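Chain residues, written in single-letter form:
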Amino acid sequence: MSPAEKRLESFTENVVAVQGEQDDVVLLTEDNRKAAERDVVRKLDMRLMPTVVVIYLMNNIDRAAITAARLQGLEADLGLTDVEYETVIAILYASYSPAQIPSNMILAYISRPSLYIGACVIAWGLTSALTGVTKNFAGMMACRVFIGLPEAAFYPGSIYLLSSWYTKKELPLRAAILYVGLLISNAFSSLMAAGILRNMEGKLGVAAWRWLFYIEGAITMFIGLLAMYVVHLPKSGKVFWNLIVFCVFRWLLPDFPHNTRWMSPAERRLVQVRLAEDVGEADQDSANVTIFDGLKLAIRDVKVWVFMVMDCCLLLGMSFINFFPTLTATLGYNTTDTLLMAAPPWVFTSICCIINAWNCERTGERYFHLAAWLWLAILGYIISLVTMSTGARYFSLFLMTSCLCGSALTLNWVSNAIPRPPAKRSVAIGLVNGAGNLGSLIGSYIWKANWGPAYHQSMIIALCSLLLASILGFVIRQMLIHENNLMEREELEFTEDQRERIEEAARLEGISFEEAVRRRRRFRYLY
């Protein structure tokens with residue numbers, strides 16, 4: 001049996017098995033459908049969302065540890081020059097960015113993303129911990145290269161996983177909640193680093209910045225084990241053991257809607273029906289689709305290329321993130337106060353991010369919910385360019401960080417604009433996020449120490465990048481409006497692969513093929 005046939009069999013085995021079950025029929029009846037959907041979404045929100053948020057929080061804490069360690073003597077202990085430090089920051093993206101594309105291709109092809117993502121979490125946690133034993137520039141470079149490879153699996157992989165469970169109206173808020181893990185990590189990492197750097201200096205003869213990597217890496221590995229741990233509830237009936245197992249079980253990442261082990265067959269089919277109704281096609285690749293077909297489809301779509309350049313500009317404009325403690329230090333406070341003052345802007349942005357995503361979900365609008373925050377960040381850069389006043393400069397940091405509220409919607413918009421087939425959506429997400437992080441790589445070199453403390457040149461580059469990103473976002477908006485108009489005016493011909501997915505949607509929903517076609521023709525892109 002070929003790999004494609006095995007994947008198709010894996011997809012259909014659970015659905016076919018429940019078609020005659022009474023629970024399945026009950027869940028899909030009109031009277032019970034809404035309540036059943038609420039229960040399924042609530043179960044996902046209680047299991048999937050906390051897991052990915054905490055993992056993402058640790059992902060960015062591990063990545064940002066080097067910026068806090070810089071304030072406590074990392075450069076002096078390793079003998080790094082300014083250029084070498086910038087290279088250490090940048091080299092992570094040299095492995096992280098290109099690795100996202102094959103990683104998402106693998107994720108779309110395998111059947112157990114929980115094991116794949118969990119293993120990658122453990123791998124980057126271990127590499128992060130090993131960063132604490134480095135003695136020179138070469139050792140630090142090696143650790144940064146190898147931490148980027150497993151990290152590449154997580155964020156684009158998580159967005160793909162979320163898009164495999166939630167409808168296009170539900171996805172913005174969930175994607176934003178995931179992104180809040182990044183925002184909280186920027187606040188929490190500063191607080192965590194302040195505590196470790198202040199209290200662990202010289203413990204067991206080890207520098208505090210080394211303890212920072214040891215402690216944060218160990219926590220990440222533990223969370224990775226929880227994410228991938230497969231739990232079988234014991235039959236002993238011991239209350240304490242059941243409680244421990246239940247707590248671990250809640251952290252288990254799901255796989256895909258057709259094979260997740262902590263859902264009943266009826267619930268799995270209900271999730272698949274929801275996704276089929278959302279787009280008019282089953283969220284399933286055809287049997288003849290290979291691991292490379294999604295790549296071919298994605299690179300032939302002009303929207304993907306515009307998204308890639310837009311995200312690259314966006315992340316270049318956000319590159320201050322890797323130097324945020326350094327920017328806060330320009331306000332003139334000591335190391336501990338600097339790290340503590342770095343937290344409030346991220347808390348503010350986290351709140352704004354959730355509100356923005358909630359309204360985006362409610363209205364279905366995309367572009368202005370993204371671009372408006374870029375315009376606020378541009379205003380923040382302008383304030384920093386015209387004054388060195390402590391109050392105004394600190395206020396500008398709040399405006400600058402707010403651009404992440406727009407960035408939180410980027411990959412969600414990609415998954416909306418390229419919903420099917422799943423193989424294409426997966427690769428498109430990897431391509432866009434990978435290209436975006438090339439902007440982070442470039443940005444590692446624009447915040448030069450000799451441009452401080454004003455950093456005017458850095459801010460002008462970032463400002464122009466955000467302006468270009470907002471223009472490209474408007475181009476994408478017009479492209480989607482144009483495609484919607486074409487769908488309204490024309491009777492589109494479906495490809496063979498599309499017909500297969502529409503037939504699968506009809507089977508899942510229990511309707512005729514003709515009715516499924518009519519529903520598919522009502523699909524419109526969100527812009």
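Residues numbered from 1 in each chain as written. Predicted model: local features only at pLDDT ≥ 70, side-chain atom pairs only at ≥ 80, totals over all residues. Heavy atoms only, no water.

## Points about the overall build of the chain
In step 1: When its secondary structure is counted, the chain shows 25 helices and 0 strands.
In step 2: Expressed as a percentage of the 527 residues in the chain, the buried residues total 59%.
In step 3: Here the contacts in the chain between residues at least 6 apart in sequence split such that 80% fall between residues at least 24 apart. (Helix = DSSP H or I, 4+ residues; strand = E, 2+ residues; numbered from the N terminus. Buried < 20%, exposed > 50% of the residue type's maximum accessible area, 1.4 Å probe, protein only. Contact = heavy atoms within 4.5 Å.)

## Section: a nonpolar patch on the surface
In step 1: Taken together, the side chains of L376, L379, I382 and V386 define a hydrophobic patch exposed on the protein surface, amounting to about 340 Å² of accessible area.
In step 2: Its place among the elements puts I382 in helix α18 (residues 367–386). (Patch = residues over 30% accessible without salt bridge, like charges linked within 9 Å, V, L, I, M, F, W, Y side chains within 5 Å. Areas by Shrake-Rupley, 256 points an atom, 1.4 Å probe, with all protein chains shown as cover. Salt bridge = Lys/Arg side-chain N within 4 Å of Asp/Glu carboxyl O.)

## Here's the deal with unusual backbone geometry
In step 1: In this model, L204 sits at a positive phi of 55°, which is unusual for a non-glycine residue.
In step 2: Inspection of the secondary structure assignment puts L204 in the loop between α9 (171–199) and α10 (208–228).
In step 3: Residue L204 is classed as exposed on the basis of its relative accessible area, which comes to 78%.
In step 4: Located in the positive-phi region is Y455, a residue other than glycine, with phi close to 55°.

## With respect to helix α5 (residues 82–109)
In step 1: Helix length check: α5, at 28 residues, gives a terminal C-alpha distance of 42 Å against a target of 40 Å (1.5 Å per residue), a fit within 8%.
In step 2: Maximum bend of α5: about 35°, positioned at Q100, with proline P102 one to four residues after it. (Expected span 1.5 Å × (residues − 1). Bend = angle between axes of the 7 residues up to and from the residue.)

## Things to note about the packing of aromatic side chains
In step 1: In the structure shown here, the tally under the stated rule is 16 aromatic pairs.
In step 2: Geometrically, the ring pair formed by Y93 and Y96 is edge-to-face, given 6.3 Å between the ring centres and 80° between the ring planes. Of this pair, Y93 and Y96 are both found in helix α5, 3 residues apart, which corresponds to roughly one turn of the helix.
In step 3: In this structure Y93 comes out as buried when scored by relative accessible area, which is 4%.
In step 4: Relative to F154, the ring of W124 has its centre 6.1 Å away and its plane inclined at 65°; by these criteria the two rings are edge-to-face. (Phe/Tyr/Trp six-rings, centres within 6.5 Å; stacked < 30°, edge-to-face > 60°.)

## Description of the nonpolar core
In step 1: With 140 residues, the main nonpolar core has L74, Y166, F320, Y381, L404 and W447 as its most contacted residues.
In step 2: Sort the elements by how many residues they give to this core and helix α3 (residues 30–70) lands first, with 17 residues.
In step 3: With near-sequence residues (within four places) excluded, W447 lies in contact with E86, S319, F320, F323, L327, Y381, Y455, S458 and M459. (Core = buried A, V, L, I, M, F, W, Y, C linked by side-chain atoms within 4.5 Å.)

## Remarks on the packing of helix α6 (residues 113–130) against helix α7 (residues 137–151)
In step 1: Packing of α6 against α7 brings their axes to within 8 Å, and their N-to-C directions diverge by 165°. As summarised for this structure, α6 and α7 are arranged roughly antiparallel, according to the angle between their axes. Here the hand of the crossing between α6 and α7 comes out left-handed. When α6 is examined against α7, the residues C120, A123, W124, T127, S128 and L130 are found in contact with a partner set consisting of C143, F146, I147, P150 and E151. (Axes fitted to C-alpha atoms, helices over the stretch in contact; angles between N-to-C directions. Parallel < 35°, antiparallel > 145°, perpendicular 65-115°, else oblique. Left-handed = near helix turned anticlockwise from the far one by under 90°.)

## Focus: the pattern of salt bridges
It is possible for side chains of opposite charge to pair when their charged atoms get near one another.
In step 1: Under the defined criterion, the tally for this structure stands at 11 salt bridges.
In step 2: In this structure, E170 and R274 form a salt bridge, with 2.7 Å as the shortest nitrogen-oxygen distance. Highlighted residues: E170 in the loop between α8 (155–163) and α9 and R274 in helix α12 (residues 265–279), separated in sequence by 104 residues.
In step 3: By relative accessible area, E170 is classed as buried at 15%.
In step 4: According to the relative accessible area criterion, R274 is buried, its value standing at 4%.
In step 5: Two residues, K303 and E483, come together in a salt bridge whose shortest N-O distance is 3.2 Å. Of this pair, K303 sits in helix α14 (residues 302–317) while E483 sits in helix α23 (residues 456–489), and the two are 180 residues apart along the sequence.
In step 6: Residue classification places K303 among the buried positions, given a relative accessible area of 3%.
In step 7: Residues joined by salt bridges that share partners form a network here, namely D301, K303, K424 and E483.

## A short note on the confidence of the model for the chain
In step 1: Per-chain confidence: the chain averages 79 in pLDDT, with 80% of residues scoring 70 or above.
In step 2: When the elements of the chain are averaged for pLDDT, helix α1 (residues 3–18) gives the smallest value, 39, and α14 the largest, 94.
In step 3: Counting interchain partners and residues more than four positions distant, the pLDDT-below-50 stretch residues 1–22 has 35 contacts. (pLDDT = per-residue confidence, 0-100.)

## Focus on the environment of Y160
In step 1: Note on placement: Y160 falls in helix α8.
In step 2: By relative accessible area, Y160 is classed as buried at 4%.
In step 3: Y160 sits 267 residues away from V427 along the chain, and the two C-alpha atoms are 9.3 Å apart.
In step 4: Apart from residues no more than four positions distant in its own chain, Y160 is found in contact with N104, L107, A108, F256, P422, R425, S426 and I429.

## A look at the packing of α14 against helix α21 (residues 410–417)
In step 1: In contact at an axis separation of 11 Å, α14 and α21 are set at 175° when each is read in the N-to-C sense. Of the possible angle classes, the one that applies to α14 and α21 is roughly antiparallel. Residues K303, F307, M310, D311 and L314 of α14 pack against T410, W413, V414 and A417 of α21.
In step 2: Within the contact of α14 with α21, the residues separate by chemical class into 6 nonpolar, 1 polar and 2 charged. (Nonpolar A, V, L, I, M, F, W, Y, C, P; charged D, E, K, R; others polar.)

## Focus: the side chain of R477
In step 1: Checked against the element boundaries, R477 lands in helix α23.
In step 2: It turns out R477 is buried and unbridged, and the closest side chain with the opposite charge, E365, is 4.3 Å from it.
In step 3: Contact partners of R477, with chain neighbours within four places excluded, come to E365, Y367, F368, W413 and Y527. (Lys, Arg positive; Asp, Glu negative; His and termini not counted.)

## Re the environment of D293
In step 1: Tracing the sequence through the fold places D293 in helix α13 (residues 293–299).
In step 2: The class for D293 is partly exposed, based on a relative accessible area of 22%.
In step 3: It is 9.6 Å that separates the C-alpha atoms of D293 and V427, two residues lying 134 residues apart in sequence.

## Examining the state of the cysteines
In step 1: The tally for this structure, following the rule as stated, stands at 0 disulfides.
In step 2: C352 takes part in no disulfide bond, and the closest cysteine sulfur to it belongs to C405, at a distance of 5.1 Å.
In step 3: A relative accessible area of 13% places C352 in the buried class. (Disulfide = S-S within 2.5 Å.)

## Some remarks on the environment of A342
In step 1: One can find A342 in the loop between α16 (335–341) and α17 (343–363).
In step 2: The buried category is assigned to A342, whose relative accessible area is 1%.
In step 3: With 152 residues separating them along the chain, A342 and S190 place their C-alpha atoms 6.6 Å apart.
In step 4: Residues in contact with A342, not counting those within four places in the same chain, are S190, F324 and T328.

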